[in-house]
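# Secondary and tertiary structure notes
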Amino acid sequence: MAAFDHSLVTLRFFGDDLLPEEVSALLGATPTASHHKGQELKGSQSGAVRIARFGSWRLSAARREPEDLEAQIFEILDQLTGDLAVWQSLARFRPDLFCGLFMGSSNDGVSLSPRALLALGQRGIELGLDIYDADEEACNAPCPEAIN
């Protein structure tokens, strides 16, 4: 099984009453990107302005080539509190780990250790894997920061 060509990973929290500064204080880290519900957001490519429908807090790991999903998971989690009571208090914001996996061939694969799976499960983080075909152009893949 060959490794994926590269990977992108972002921890995300969303909610109507999400206040990014409160999430930052609880987790002990500054997000890569965040916004409040009702905040004006300007598209980076289009320049179009829209209003955020809900609050968002996102922390991204560095892109890895070749893919190293496990390292990216711990790059993010190691910056944040290990206090599981804090994570439980944030469960209402439906934390998820968006993982973009980009194939280099027609048969790439990935696996995660029990340690990584346990760390995600203890924190109530849903794991989402978006897998992109080797023939797909990168511009067709959604950016995890752009989702709202």
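Okay, so let's go over this structure. (Residues numbered from 1 in each chain as written. Predicted model: local features only at pLDDT ≥ 70, side-chain atom pairs only at ≥ 80, totals over all residues. Heavy atoms only, no water.)

## Quick word on the sheet that holds strand 2 (residues 6–15)
Taken in spatial order, the 5 strands line up as 3-6-2-7-9 in an open sheet, and their pairing is mixed. Two strands in the sheet have a free side with no partner beyond their single neighbour: strand 3 (33–35) and strand 9 (126–132). Sheet twist, expressed as the average angle between the axes of neighbouring strands with direction ignored, equals 20 degrees. The pairing of strand 2 with strand 6 (residues 55–60) spans 6 bridges and is classified as antiparallel. Across the sheet, the residue bridging to Gly 15 is Gly 55, located in strand 6. With respect to the sheet, helix 1 (residues 20–27) is in contact with strand 2, strand 3 and strand 6, its orientation differing from that of strand 6 by roughly 40 degrees. (Pairing = 2+ DSSP bridges. Helix = DSSP H or I, 4+ residues; strand = E, 2+ residues; numbered from the N terminus. Axes fitted to C-alpha atoms, helices over the stretch in contact; angles between N-to-C directions. Contact = heavy atoms within 4.5 Å.)

## Remarks on helix 4 (residues 114–122)
Residues three or four positions apart in an α-helix share a direction because the helix packs 3.6 residues into each turn. Taken together, the buried positions of helix 4 are occupied by Ala 116, Ala 119 and Leu 120. Burial along helix 4 is one-sided: seen end-on, the buried residues are contained in an arc of 95 degrees. Along helix 4, the residues that are exposed and aim more than 90 degrees away from the buried face are Pro 114, Arg 115, Leu 118 and Gly 121. Along its buried surface, helix 4 packs onto helix 2 (69–77), strand 7 (96–102) and strand 9. (Buried < 20%, exposed > 50% of the residue type's maximum accessible area, 1.4 Å probe, protein only. Arc of directions from axis to C-beta.)

Purely geometric stuff here, so don't read any function into it on its own.
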